[in-house]
Amino acid sequence: MMRLLSAVPARLRRATRRFAARTSGSMTVEALFIVPVMMLGMTGFYAFWDAYKTQNVVQKAAYAVSDMLSREMIPATPAFIDGLDRTLEYLVGSDVRVRVTSIRRTANGPLGLQGLDVLWSYSPGNVMLPLTEATLTEVEADIPMMAVGSNMVVFEVRVPYSPVTEILELDSIRETVAMRPRFLPTLCMTGVVC
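Now for a description of the structure that goes with this document. Every value quoted in this text rests on a predicted model; they were computed, and no experiment measured them.

1. Overview of unusual backbone geometry
Moving on, step 1. With a phi close to 50°, Asn 126 is a non-glycine residue in the positive phi region.
Moving on, step 2. By relative accessible area, which is 62% here, Asn 126 ends up exposed.

2. Considering the sheet that holds strand β2 (residues 116-122)
Moving on, step 1. Taken in spatial order, the four strands line up as β2-β1-β3-β4 in an open sheet, and their pairing is antiparallel. Among the strands making up the open sheet, the edge pair consists of β2 and β4 (172-179). Within this sheet the neighbouring strands show an average axis-to-axis angle of 20°, counted without direction.
Moving on, step 2. Of the strand pairs in this sheet, strand β3 (residues 151-160) and β4 are connected by eight bridges, and their pairing is antiparallel. When the bridges of β4 are listed, Pro 160 appears paired with Ser 172.
Moving on, step 3. Packing of helix α2 (residues 26-70) onto the sheet brings it into contact with β1 (97-105), β3 and β4, and relative to β4 it is tilted by some 30°.
Moving on, step 4. Together, β1, β2 and β3 form the strand contacts of helix α3 (residues 78-92), whose direction differs from that of β2 by roughly 75°.

3. With respect to a positive patch on the surface
Moving on, step 1. Residues Arg 11, Arg 13, Arg 14, Arg 17, Arg 18 and Arg 22 make up a contiguous surface patch of positive charge.
Moving on, step 2. Tracing the chain through its elements places Arg 22 in the loop between α1 (2-21) and α2.
Moving on, step 3. Look at Arg 22 and you get exposed, because its relative accessible area is 58%.

4. Thoughts on the packing of α2 against α3
Moving on, step 1. Two numbers describe how α2 lies on α3: the axes approach to 9 Å, and their chain directions differ by 155°. Between α2 and α3, the angle is such that the two are roughly antiparallel. For the pair α2 and α3, the sense of crossing is right-handed. Packed against α2, whose contacting residues are Val 57, Val 58, Ala 61, Ala 62, Val 65, Met 68 and Leu 69, the element α3 presents Phe 80, Leu 84, Thr 87, Leu 88, Leu 91 and Val 92 at the interface.
Moving on, step 2. Across the contact of α2 with α3, the residue classes break down as 12 nonpolar, one polar and no charged.

Conventions adopted
- Residues numbered from 1 in each chain as written.
- Predicted model: local features only at pLDDT ≥ 70, side-chain atom pairs only at ≥ 80, totals over all residues.
- Heavy atoms only, no water.
- Buried < 20%, exposed > 50% of the residue type's maximum accessible area, 1.4 Å probe, protein only.
- Pairing = 2+ DSSP bridges.
- Helix = DSSP H or I, 4+ residues; strand = E, 2+ residues; numbered from the N terminus.
- Axes fitted to C-alpha atoms, helices over the stretch in contact; angles between N-to-C directions.
- Contact = heavy atoms within 4.5 Å.
- Patch = residues over 30% accessible without salt bridge, like charges linked within 9 Å, V, L, I, M, F, W, Y side chains within 5 Å.
- Areas by Shrake-Rupley, 256 points an atom, 1.4 Å probe, with all protein chains shown as cover.
- Salt bridge = Lys/Arg side-chain N within 4 Å of Asp/Glu carboxyl O.
- Lys, Arg positive; Asp, Glu negative; His and termini not counted.
- Charge placed at Lys NZ, Arg CZ, Asp CG, Glu CD.
- Parallel < 35°, antiparallel > 145°, perpendicular 65-115°, else oblique.
- Left-handed = near helix turned anticlockwise from the far one by under 90°.
- Nonpolar A, V, L, I, M, F, W, Y, C, P; charged D, E, K, R; others polar.

Have a look at this one:
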């Protein structure tokens, strides 16, 4: 029995040397380490790519539809803006929330909210509250410099977004387009005095 126990350390040393010399299982061990890292990286890249793609689609659709609005030569109607909402939903491919607001700079300027008047604000289906002088801070960063007496239409779009993974904490994509009416001094709404 003693000879058998004394042979164990020698056998263990030989087995350890044999294990260290052989490389047949090293690829499997390396794969166990690298595959989860690669999958995590690919998932992260896909999540950011999907968010960027969706934001790009929303931005292009918002600019296209707001350009249609800026070319109006008659006062806008709720039915027309409802149609723009449906057009935007078609272009984006999902449910959207839209708010259109016409503003005028009456004093001060060229920056800041002082001296800005909201002429009208409309959201199809009233899914977004109308903007007022008190709530203009929501879009202050998106309003460019305006000369006294000039008018601007603010076209806001919000699209619900659900990321493919929990990496991004994002629940909606927001795009705001501020543009001047092309052919009229101001874009009015039917029934609203501008």
